[in-house]
Amino acid sequence: VGAWYDIKMFGIDIFNTKETLLFVIAALNGMLAFLIGKNHRKDQVNIWFSIIAVSLAVWAAALIFFRILSDYFLALIFLKLAYIAAIGIAGSFYVFAHYFPDRKPMRYVFFAVITASLIGYVALPGVLVIGVIDTPTGRAAIQEITGYGAFFLYFMFYFFGALVILYHRWRFAAGIMRKNIGYIIWSILTAGIFGIFFNLVLPSPFFAAWGYVWLGPLFTAIMVVAVFYAVMSYQLLNIKVISAEMLATGISFILFLELISAREFSEIVLRALFFLVAAFFSVFLVRSVEREVAEREELQILTNKLAVANDALRKLDQAKSEFISLASHQLRTPLTVIRGYLSMALENSFGSLRKELRASLELVMSSAIELIGLVDNLLNLSRIESGKIQYAFEPIIMAEVVKKALRELTEEAKAKGVALFFKKSQTGQCPVLGDSYRIHEAVMNLLDNAVKYSRGGAVVLQLNENLAGDGKRYCRLSIRDRGIGIAAEDMPKLFTKFGRSEDAKKIQAGGLGIGLYFVKRVVEDHHGRVWAESPGRGRGSIFFMELPCGATQKRKG
Amino acid sequence: MAKTKILIIDDDQVIANMYAARFSRGNFEVEIANSGKDGLQKIKEGKRDIILLDLAMYPADGYEVLAEIKKMRLAHASKIIVFSNLSQKEDIERAMLLGASDYIVKANVTPSEALRRVENIIANKMSVET
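Calculation notes
- Residues numbered from 1 in each chain as written.
- Chains lettered and ligands numbered in written order.
- Predicted model: local features only at pLDDT ≥ 70, side-chain atom pairs only at ≥ 80, totals over all residues.
- Heavy atoms only, no water.
- Contact = heavy atoms within 4.5 Å.
- Buried area = accessible area lost by both parts, 1.4 Å probe.
- Salt bridge = Lys/Arg side-chain N within 4 Å of Asp/Glu carboxyl O.
- Polar contact = N/O pair within 3.5 Å; in protein donor to acceptor, adjacent residues only side chain to side chain.
- Helix = DSSP H or I, 4+ residues; strand = E, 2+ residues; numbered from the N terminus.
- Pairing = 2+ DSSP bridges.
- Axes fitted to C-alpha atoms, helices over the stretch in contact; angles between N-to-C directions.
- pLDDT = per-residue confidence, 0-100.
- Phe/Tyr/Trp six-rings, centres within 6.5 Å; stacked < 30°, edge-to-face > 60°.
- Lys NZ or Arg CZ within 6 Å of the ring centre and 35° of its normal.
- Core = buried A, V, L, I, M, F, W, Y, C linked by side-chain atoms within 4.5 Å.
- Buried < 20%, exposed > 50% of the residue type's maximum accessible area, 1.4 Å probe, protein only.
- Parallel < 35°, antiparallel > 145°, perpendicular 65-115°, else oblique.
- Left-handed = near helix turned anticlockwise from the far one by under 90°.
- Nonpolar A, V, L, I, M, F, W, Y, C, P; charged D, E, K, R; others polar.

Regarding the interface of chain B and chain A
Each partner contributes residues to the interface: chain B has 27 residues there, and chain A has 27 residues. Carbon and sulfur atoms make up 55% of the surface buried where chain B meets chain A, a total of about 2,200 Å² over both sides. Connecting chain B to chain A are one salt bridge. For the pair chain B and chain A, the number of links is eight residue pairs in polar contact (both at pLDDT 80 or more). Listing elements by their share of the side of chain B that touches chain A, those giving two or more residues are α1 (13-25), α4 (89-97) and α5 (111-129) of chain B. Here the side of chain B that touches chain A gets eight residues from one element, more than from any other, and that element is α1(B).

Pasting the structure below:
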C-alpha cells in the first residue's frame, strides 16, 4: 500500500509495466535537463542538450497519457503534444550539433520559422492525428496524411542533418574529442533508428501499428547516457556532481511520492521526517561533492598552466641551442676566409713576403686559429651545459680513432716542427663500446694540446690493453709531449671548467679552458677516466685516457 | 696527366673563389656553382670527379642537393665531400647518410690542407678502383 506506482491520478487505473518504463525514462530525462541546465546555464551546448532532454521527457510523458487516458479528446491532445515534443527533439538536436563541441554560431531564422510553422500546423485540429481509438492491440490513433508527411519530412531532415554535421565534426576531430563525437553519433543513430521504426514508421498511415510506441522512448536511454558522458568528459568535470545530484534528487523524489501517497497521520509524519532527513543529507552531499570538484578543477587549471610553461621552456631551450649552432656557423665563415687567405699568403701564393710582414701575418694567423678554437669550445660548452650531449654507443676500434686524429693533425704538427709517433698496441685491437664521434673529439683535444704546447721534438702516442685490478680489461691511450709541462699546483684545476695553468695562458692567451673539461666529461660518460702526469714545469707531460674494453672483443671471444 | 674535374658548390662567393684559386694551382679543373640549385644544374650537365658541397645555402641547401643526387643517381662516379662550417654531430651524420664521402669543417683547414685531403681521397679511390 502506498507504493508510488499505485498513485491514482485523474482517475486513471494502475500503471502497467510499459507505462512504468515510460515514466522512468521521462523522469530520467527531466532530471537530466534540470541538472545540466542548472549547472551550466550560460553554455549553448548545455542549454540545447537540456532542451533535447526536456523534449524527450515531454515526449515520453505525453505518450503515457495518450495510452492511458480514458477521455479520447484529452488523449488526442497528449498525442499532439508528443508529436510537438518529437519536433522539439529533432530541432534541438540539430541546433545542438551546430554548437557541439566548438560552439559554431548558427543562423536561426530559417530553422525557427520552419519549426514554429510546423508546431502551429500540427497543433491545428484535423491535422496529423484526427482521432483516438482503442483496438484489440491497444490504444491507436487515426492519422491525416498531409500533416504526417510534413512531420515526417521535418523529422528526417533535421535528425539526419544533425548526424551529418556531427559526422563532419568527427572527421576533423582528434583524440578524446573524436572518440566522444563517435559515441554520440553511434548512440543517437541507434536510438534514432529504433525511435523512427517504432514511433514514426509503424504508426504511419500505411501500417497503423500503434502497439509499440512505448518502445521508442526506451531506446533514448542509450543516447542520453552517451551524450551525457561526452558532454561531461569534454568539460572534464561535474560528472561527479551530476551523479550525486541525480542520486540525491532521485531518493528525495521517491520519498516525496511516498509522502504524498500517505493516508494516515502517523504515516505522514514518519514519511515527512524521512523526506526532510534525506533532503538535508542530499544538500550536504551535493555541496561537498561540488567543493571537491571545484578544487580538482583548480588543480587541473594549474596543471595545464604548468604544462604550457614547461612547453615554453622546452622551446626556449631548443631555440637557444639552435641559436648557438647558427651563431658558431656564422662566426666561422669569416674566420675561414681570414685563415684561408692568410695561409695562402704565408705559402707565398701571392708572391714572397718580407720577413717582418711574414712575422706579423703569422701572429694574425695564430690569433685566427685561436678564435676558431674558441668558437668550437663555446659550442661544446653550451652542449655540455644544456645536457645536450647524446651518445650513440657502438663498437669502435681505438686504434682507428687514433689514426684518424693523427691524420687530421699531421699538417699542424709539421708546421710547428713537431713529429708525431704512434706506437700501436702489442696486446690487442683495443675495441671499446663508445660514440666514435665524441671519442674522436676527445682524442683530438688531447692530441691538439700536446702539439700546441710542444716546443718542437716529438709527441708519442701509445695504445695498450691492460688488465685492471677489478678484473676488467681497459684500453689505455697515453700521449707524451716534450712541452711546457704542468706545475704541481696547476694539476688539480687541469680538468675543471675554465681551469687553465699560468703557463698555458702565456702560450695561448685567448683559450677558455674548456677542452680538457670536455674530454673528462666524455670519457667519464663512457665509464672511463682521464688524468695527467708531469715531472714539473717545462719538463713535458703525459696524458692518459682509459676506457673499458667493449663488446667487439666479447663477441669475438 | 688529365686534370681532375672539381665542382665547388658554395653560396659564399669569397670562400668559393678562395678554394678555386688554390685548387686551380693544383692539378684541378675548377668550376663554381653559387647555389644548390645551380650546383644540381651543373651536375646534370656533366660528370665531375669531385664535388665540394657547402650545406647552409639557399635556394636548395646541401642536404637537398645530396638527397637529389642520391635520388636521381646523378653522380655515382663522383666523390662528394661536404665542406661546411656546421659541425654538430647530427649535421655530419645526416650528410654521411645522404651519401657524402667525407666531411670537412671549413674553419678547421686551410685551402692547402683541404687540397691535400681531396688528393688523399682521390688516391684512395684510385687504389680501390684498380
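Section: the sheet that holds strand β7 (residues 473-481) of chain A
Residues and elements named next belong to chain A. Spatially, β4-β6-β7-β9-β8 is the arrangement adopted by the five strands of the open sheet, whose pairing is mixed. The sheet terminates laterally at β4 (419-423) and β8 (529-533), the two strands that pair on one side only. Each adjacent strand pair in this sheet contributes to an overall mean axis angle of 15 degrees, direction not counted. Summarising the sheet, β4 and strand β6 (residues 458-467) pair through five bridges and their orientation is parallel. The partner of K423 across the bridge, within β6, is Q462.

Quick notes on the confidence of the model for chain B
Residue and element names in this part refer to chain B. Residues of chain B with pLDDT of at least 70 account for 92%, and the chain-wide mean is 86. Mean pLDDT across the elements of chain B bottoms out in α5 (78) and peaks in strand β2 (residues 28-33) (94). Confidence estimates for the predicted assembly give a pTM of 0.46 and an ipTM of 0.89.

Quick notes on the packing of aromatic side chains
Residue and element names in this part refer to chain A. This structure, assessed with the given rule, holds 28 aromatic pairs over all chains. On the basis of an interplanar angle of 70 degrees and a centroid distance of 5.3 Å, the ring pair of F197 and F198 is categorised as edge-to-face. A network of ring pairs unites the aromatic residues Y83, F93, F151, F155, F159 and F160 as a single cluster. For the cation-ring pair, R529 lies above W531, with the distance from its terminal atom to the ring centre recorded as 4.1 Å.

Some words on the nonpolar core
All names here are of chain A. Membership of the largest hydrophobic core comes to 76 residues, with the highest contact counts inside it found for F93 and W210. Per-element accounting of this core gives the leading share, 16 residues, to helix α3 (residues 72-99). Excluding residues that lie within four positions of it along the chain, F93 makes contacts with I52, G88, F159, A162, L163, L166 and I188. Core analysis: the second largest hydrophobic core is formed by 42 residues, V418, C475, A532 and C549 among them.

Focus on the pattern of salt bridges
Residues and elements named next belong to chain A. Scanning the model with the defined rule gives 24 salt bridges over all chains in all. Residue R67 pairs with E19 through a salt bridge whose shortest N-O separation is 2.5 Å. Here R67, found in helix α2 (residues 44-68), pairs with E19, found in helix α1 (residues 17-39); they are 48 residues apart in sequence, far enough to count as distant. Taking relative accessible area as the criterion, E19 reaches 3% and is therefore assigned buried.

Considering the packing of helix α5 (residues 145-172) of chain A against helix α6 (residues 175-201) of chain A
The relative placement of two packed helices is expressed as an angle between their axes plus a distance between the axes. All names here are of chain A. Contact pair α5 / α6: the axes reach a minimum separation of 9 Å and the direction vectors enclose 165 degrees. When the interaxial angle is binned, α5 and α6 end up roughly antiparallel. Once α5 is placed against α6, the crossing between them reads as left-handed. Split into classes, the residues belonging to the contact of α5 with α6 amount to 19 nonpolar, two polar and three charged.

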